[in-house]
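Structure assessment
Listed below, chain by chain, are the residues.
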Amino acid sequence: MFKSILTAYLLVAMASVGLTVSDLLFKQILMQGGSVIQLMALFIPAFLLVMLALAAMQGGIQHHYKLRYPWLMVARSVFVISFTMLSLWGLSHNPYSQHAMLLQIAPVLTALTAVWMLGERLSVGQWALAGLCMFGVVLIINPQLHIASAYLLLPVMAAVCQSIGNVFVARHREKATALGFTFWGAVGGWLVGMLLWLGQGAPAMATDLWMLTQGIAVIMALSIAALLRGLQTAAAQGHAGTAGLMMYLQMPTALILGWLVLGEMPKLNAVAGAAVIVCAGVVLVLIHTRQQLATKPIQGQF
């Protein structure tokens, strides 16, 4: 049991680092002249190929990707497209580390969205913790009525889309696997990206940048697979909530990578805001996990 739990935590931690590195590489491509539309059109096909290979090794492509509810997957694609475009657009304008900090409100927003979409309830203390997270967002953005602050709203909007998408998947989890939702969401993103790219005259991407996008696709697909496997393993032992906390490793990882690779030095208010989000978010997840364990037995499937 201990070995399984340790494996779950390590898988989620690896996923956290992998996704953070992917965002850093996206940032570098955007800094070197790549565009959001180019990334959506040219990055996703390689991602889909890796997802097909992963499905073939984990129950079969038909099991994961058979299209049983087309309109459900169209809806999932809307969330994926919205999150991807907002996130990449934010990366193209914002400091990398601040962008990563603001995306960390997604778990808290997911808990709030579950109140609305799933009828879950939060205690007064949990609402207070959620309010603290929003205060952390204000500290990071430090609104002063200038365009830089406005662009920092993009990752916040991306986190909102991600949280709604997460709850949407949870609400319909019996209709498709996690890999299935991810795959068809990415297919929708690719189709929209291709249409926009062709509409711009199909601008070519430099060979070195194109090769980098293919590397990112592999890293992201493997990271998502590690995340899903880690959470599934943890859920079987009743540790899905606490294992998910390892995703908060994205914040210190982003701070370190932003400093080492991009020379970014976040302001004190941004670091303080990030600390508030992490602390409040961790406590909120721990309380929610304790409530779940107290009200229902451990499930064998995620």
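These numbers come from a predicted model, not from an experiment. (Residues numbered from 1 in each chain as written. Predicted model: local features only at pLDDT ≥ 70, side-chain atom pairs only at ≥ 80, totals over all residues. Heavy atoms only, no water.)

1. Some words on the packing of helix α5 (residues 96–103) against helix α7 (residues 124–141)
- At a minimum axis separation of 10 Å, α5 and α7 run at an interaxial angle of 165°. Comparing their axes, α7 and α5 come out roughly antiparallel. You can see that α5 and α7 cross each other, and the crossing is left-handed. When α5 is examined against α7, the residues Gln98, Met101 and Leu102 are found in contact with a partner set consisting of Val137, Ile140 and Ile141.
- Considered class by class, the residues forming the contact of α5 with α7 number five nonpolar, one polar and no charged. (Axes fitted to C-alpha atoms, helices over the stretch in contact; angles between N-to-C directions. Helix = DSSP H or I, 4+ residues; strand = E, 2+ residues; numbered from the N terminus. Parallel < 35°, antiparallel > 145°, perpendicular 65-115°, else oblique. Left-handed = near helix turned anticlockwise from the far one by under 90°. Contact = heavy atoms within 4.5 Å. Nonpolar A, V, L, I, M, F, W, Y, C, P; charged D, E, K, R; others polar.)

2. Points about unusual backbone geometry
- Backbone geometry at Ala202 places phi at a positive 50°, although glycine is not the residue there.
- Summarising the element assignment, Ala202 is placed in the loop between α10 (178–199) and α11 (207–236).

3. Describing the nonpolar core
- Among the nonpolar cores identified, the biggest contains 50 residues, and Phe26, Phe43, Phe47 and Met51 are the most heavily contacted of them.
- No other element matches the 15 residues that helix α2 (residues 36–57) contributes to this core.
- Those residues in contact with Phe43 that sit more than four places away from it in its chain are Phe26, Gln38, Thr213, Ile216, Ala217 and Met220.
- Core analysis: the next-biggest nonpolar cluster, separate from the first, contains 20 residues, Ile141, Leu154, Ala159 and Cys161 among them. (Core = buried A, V, L, I, M, F, W, Y, C linked by side-chain atoms within 4.5 Å. Buried < 20%, exposed > 50% of the residue type's maximum accessible area, 1.4 Å probe, protein only.)

4. Considering a nonpolar patch on the surface
- Taken together, the side chains of Ile256, Trp259, Leu260, Val261 and Met265 present a nonpolar region at the surface, about 560 Å² in accessible area.
- Along the chain, the position of Val261 falls in helix α13 (residues 250–262).
- We classify Val261 as partly exposed; its relative accessible area is 41%. (Patch = residues over 30% accessible without salt bridge, like charges linked within 9 Å, V, L, I, M, F, W, Y side chains within 5 Å. Areas by Shrake-Rupley, 256 points an atom, 1.4 Å probe, with all protein chains shown as cover. Salt bridge = Lys/Arg side-chain N within 4 Å of Asp/Glu carboxyl O.)

5. Brief notes about the side chain of Asp23
- With respect to the secondary-structure elements, Asp23 resides in helix α1 (residues 2–31).
- Lys27 provides the closest opposite charge to the buried, salt-bridge-free Asp23, at an N-O distance of 11 Å.
- Apart from the residues lying within four places of it in its own chain, the contact partners of Asp23 are Leu91, Tyr96 and Leu103. (Lys, Arg positive; Asp, Glu negative; His and termini not counted.)

6. Quick notes on α10
- Taking 1.5 Å as the rise per residue, α10 with 22 residues should run 32 Å; its terminal C-alpha atoms sit 32 Å apart, in good agreement.
- Of the residues making up α10, those classed as buried are Leu179, Gly180, Phe181, Thr182, Phe183, Gly185, Ala186, Val187, Gly188, Gly189, Gly193 and Trp197.
- Phi turns positive one or two residues past the end of α10, at Gly201, with a value near 90°. (Expected span 1.5 Å × (residues − 1).)

7. Describing the environment of Leu88
- Relative to the assigned elements, Leu88 resides in helix α4 (residues 70–93).
- Considered as a pair, Leu88 and Pro155 are 67 residues apart in the sequence and their alpha carbons are 8.7 Å apart.
- With residues near it in sequence (within four places) discarded, Leu88 still touches Phe26, Leu30, Val36, Leu39 and Met40.

8. Notes on the state of the cysteines
- Throughout the structure, instances matching the rule amount to zero disulfides.
- Residue Cys133 stays outside any disulfide, its sulfur separated by 9.5 Å from that of Cys279, the closest cysteine.
- Using a relative accessible area of 0% as the deciding quantity, one classes Cys133 as buried. (Disulfide = S-S within 2.5 Å.)

9. Some points on the environment of Gln38
- Its place among the elements puts Gln38 in helix α2.
- Residue classification places Gln38 among the buried residues on the basis of a relative accessible area of 6%.
- Linking Gln38 and Trp210, residues 172 residues apart in sequence, is a C-alpha distance of 9.3 Å.
- Within polar-contact distance, the side chain of Gln38 engages the backbone oxygen of Pro203 at 3.2 Å. (Polar contact = N/O pair within 3.5 Å; in protein donor to acceptor, adjacent residues only side chain to side chain.)

10. A look at the side chain of His64
- Turning to its location among the elements, His64 is positioned in helix α3 (residues 61–65).
- At 2.5 Å, the side chain of His64 and the backbone oxygen of Gln58 are in polar contact.
- If near-sequence neighbours (up to four positions away) are discounted, His64 is found in contact with Ala55, Gln58, Gly59, Thr177, Leu179 and Gly180.

11. Structural notes on the packing of aromatic side chains
- Inspection of every chain in the model, using the stated rule, returns five aromatic pairs.
- Pairing Phe43 with Phe47 gives two aromatic rings, centres 6.0 Å apart and planes at 40°, and the pair type is tilted. On the criterion of helical spacing, the pair formed by Phe43 and Phe47 is a turn pair, its members being four residues apart in helix α2.
- With a relative accessible area of 10%, Phe43 lands in the buried category. (Phe/Tyr/Trp six-rings, centres within 6.5 Å; stacked < 30°, edge-to-face > 60°.)

12. Regarding the packing of helix α6 (residues 106–117) against helix α9 (residues 153–171)
- Axis separation between α6 and α9 bottoms out at 8 Å; the angle between their running directions is 50°. Between α6 and α9, the angle falls in the class oblique. Between α6 and α9 the crossing geometry is right-handed. Between α6 and α9, the residues in contact are Ala106, Leu109, Thr110, Thr113, Ala114 and Met117 and Ala159, Val160, Gln162, Ser163, Ile164, Asn166, Val167, Phe168 and Arg171, respectively.
- Tallied by class, residues from the contact of α6 with α9 come to nine nonpolar, five polar and one charged.

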